[in-house]
Amino acid sequence: MEITEERDSYCAQDTFALGEQMGKQAKPGQLFTLIGDLGVGKTVFTQGFAAGLGITEPVNSPTFTILQSYEGGRLPFYHFDVYRIGDVEEMEEIGYEDCFYGDGVCLVEWADLIEEILPERYTEVCIEKDLSRGFDYRRITLTRKGMDVGSAEG
């Protein structure tokens, strides 16, 4: 079962605020995937998410390190950028299972590249530009995958 909702973002502050709200509501063991082209605001969303968890250190995309861990918030936060993963087995070398199935919260950019190892339940955050609505406009679609009809967890 999938549960989908759409949000409008008219500027980077809106995208940050949605990330922050979701970070404040995040629970241990949740996983979020972040889908979107380069330059749509995935890093801005992630920075808001980290702020919502109470993380104060700088947050950037771990493009070359693949995983960046943050322990300074109310939950451990594991931020993956799997764009440069050549083979899913590389995720095992990183120890992804400890992150995906631990007591922290995970956010995975470019998760479509490792779809076969994603847990049954997660929330997909898809950020898309729509230039017909303005240069800074983003449509953010939240899809909760593997959820029961009455469940808001993800």
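### A few points about helix α2 (residues 42-52)
Here is step 1 of the chain: Taken together, the buried positions of α2 are Lys42, Phe45, Thr46, Gly48, Phe49, Ala50 and Gly52.
Here is step 2 of the chain: Buried residues in α2 make contact with α1 (12-25), β2 (31-35), β4 (77-81), β5 (105-109) and β6 (122-129).
Here is step 3 of the chain: Positive backbone phi, approximately 90 degrees, marks glycine 54, located one or two places after α2.

### Digging into the pattern of salt bridges
Opposite charge on two side chains makes pairing possible when the charged atoms of those side chains draw close.
Here is step 1 of the chain: A full pass over the atoms with the stated rule returns seven salt bridges.
Here is step 2 of the chain: One salt bridge connects arginine 139 with glutamate 6, and the closest N-O pair in it is separated by 4.0 Å. Pair noted here: arginine 139 is in strand β7 (residues 138-145) and glutamate 6 is in strand β1 (residues 2-9), with a separation of 133 residues, a long-range link.
Here is step 3 of the chain: In this structure, the salt-bridge partner of aspartate 8 is arginine 133, at a minimum N-O distance of 3.7 Å. Placement of the pair is aspartate 8 in strand β1 and arginine 133 in the loop between β6 and β7, with a sequence separation of 125 residues.
Here is step 4 of the chain: The exposure class assigned to aspartate 8 is partly exposed, which follows from its relative accessible area of 43%.

### Topic: the sheet that holds β7
Here is step 1 of the chain: As summarised here, the arrangement of the seven strands in space is β1-β7-β6-β2-β5-β4-β3, forming an open sheet in which the pairing is mixed. Edge positions in the sheet fall to β1 and β3 (67-70), since each has one partner strand and no second. Shown here is a sheet whose adjacent strand axes are inclined to one another by a mean of 15 degrees, direction ignored.
Here is step 2 of the chain: In this sheet, β7 lies alongside β6 in antiparallel orientation, the contact comprising eight bridges. When the bridges of β7 are listed, threonine 123 appears paired with arginine 144.
Here is step 3 of the chain: Lying on the sheet, α2 is in contact with β2, β4, β5 and β6; it crosses β5 at an angle near 175 degrees.

Conventions used here
- The numbering scheme is per chain: residues are counted from 1 as the chain's sequence reads.
- Reporting of local features is limited, given that this is a predicted model, to residues whose pLDDT is at least 70; pairs of side-chain atoms are given and counted only at 80 or more, and all residues count toward the totals for whole chains, interfaces and linings.
- To get the side-chain values, all heavy atoms of the structure are used, and hydrogens and water are removed first.
- Accessibility here uses a 1.4 Å probe with only protein chains present; expressed as a share of the type maximum, an area under 20% marks a residue as buried, one over 50% as exposed, and anything in between as partly exposed.
- Numbering of helices and strands runs from the N terminus; a helix is a DSSP stretch of H or I covering at least four residues, while a strand is a stretch of E covering at least two.
- Contacts were defined at the residue level, with two residues in contact if any of their heavy atoms lie within 4.5 Å.
- The term salt bridge refers to a side-chain nitrogen of Lys or Arg lying within 4 Å of a carboxyl oxygen of Asp or Glu.
- Only strands that DSSP links by at least two bridges are regarded as paired with each other.
- Structural elements are reduced to axes, namely lines fitted to C-alpha atoms, with helices fitted over the stretch in contact, and the angle between N-to-C directions of any two is expressed from 0 to 180 degrees.

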